[in-house]
Amino acid sequence: MNRGKHIRYLIPTVALFGLGGYIYSNAVSSQKQHSSLFKGLLFHLRHDSKLQRLLSENNSSTDIRFEPKLMKTNSWWKFKSDDGVSGHINNMQGVAEIEFFVVGKNESGEKIAKITFKGKKHENVPDLWIPKRFEAVVKEDDGGKVLDFLQA
């Protein structure tokens, strides 16, 4: 009887909710790339001499860059994300756990490293993050080489 009338409204409603969810997830995802923590991590990575030796040909910070497309396409890693940063950053609770890719150019081509950061904010200093885990896994032919930034 009135079943067709309700279905006529159901399809556009479901489509609008799907579109709204997509827009919301993209807005939240892009916030990770523009956070002060993420920018600080990239700055550290570009100026770390150990990572420069592994990824770039002339130990230049300009040879290391963030590559968001690898998170979607690379099957070498188990985590996938549309924005290139997997995980979460919660400034209100002061916790973060993220993973992303950086790429460096050297004589043998491009080298890929997956960066993992897990930490919490310092209680008394607003923008100071205390890392619990901060490492890079550089993809190589024989697997991966782990570079732990917390080890001296």
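Our structure's up above, just so we're on the same page.
Overview of the structure. (Residues numbered from 1 in each chain as written. Predicted model: local features only at pLDDT ≥ 70, side-chain atom pairs only at ≥ 80, totals over all residues. Heavy atoms only, no water.)

**Observations regarding the pattern of salt bridges**
Rule in force here: Here a salt bridge means any side-chain nitrogen of Lys or Arg lying within 4 Å of a carboxyl oxygen belonging to Asp or Glu. Only DSSP runs of H or I covering at least 4 residues are called helices, and only runs of E covering at least 2 are called strands; the numbering of each starts at the N terminus. Between buried and exposed lies partly exposed: a residue is buried under 20% and exposed over 50% of the maximum accessible area for its type, with that area taken using a 1.4 Å probe on protein chains only.
Taken as a whole, this structure holds four salt bridges when the rule is applied. The partner of R65 in a salt bridge is E110, and the shortest N-O contact between them spans 3.1 Å. Of this pair, R65 sits in strand 1 (residues 64–66) while E110 sits in strand 4 (residues 109–121), and the two are 45 residues apart along the sequence. For R65, a relative accessible area of 30% corresponds to the partly exposed category. Owing to a relative accessible area of 47%, E110 belongs among the partly exposed residues under this scheme. Each of R65, E67 and E110 takes part in salt bridges that share partners, so that together they form one network.

**Overview of the pairing of strand 3 (residues 95–106)**
Note the threshold: For two strands to pair, DSSP has to find at least two bridges joining them.
Counting buried residues along strand 3, nine of its twelve residues qualify, which places the element largely inside the surrounding structure. Summarising the sheet, strand 1 and strand 3 pair through three bridges and their orientation is antiparallel. Paired with F66 across the two strands is V102, which belongs to strand 3. Relative to strand 3, strand 2 (residues 85–90) is paired through six bridges, and the arrangement is antiparallel. Opposite S86, over in strand 3, you have E99 as the bridge partner. Between the end of strand 2 and the start of strand 3, which pair antiparallel, lie four residues, with G94 showing a positive phi angle near 75°. Count of turn residues in the strand 3/strand 4 antiparallel hairpin: two residues.

**Some remarks on the pairing of strand 4**
Relative to strand 4, strand 3 runs antiparallel, the two sharing twelve bridges. In the strand pairing of strand 4, V102 is matched with A113.

**Here's the deal with the environment of P126**
Along the chain, the position of P126 falls in the loop between strand 4 and strand 5 (129–140). In sequence terms P126 and G94 are 32 residues apart; their C-alpha atoms lie 9.3 Å from each other.

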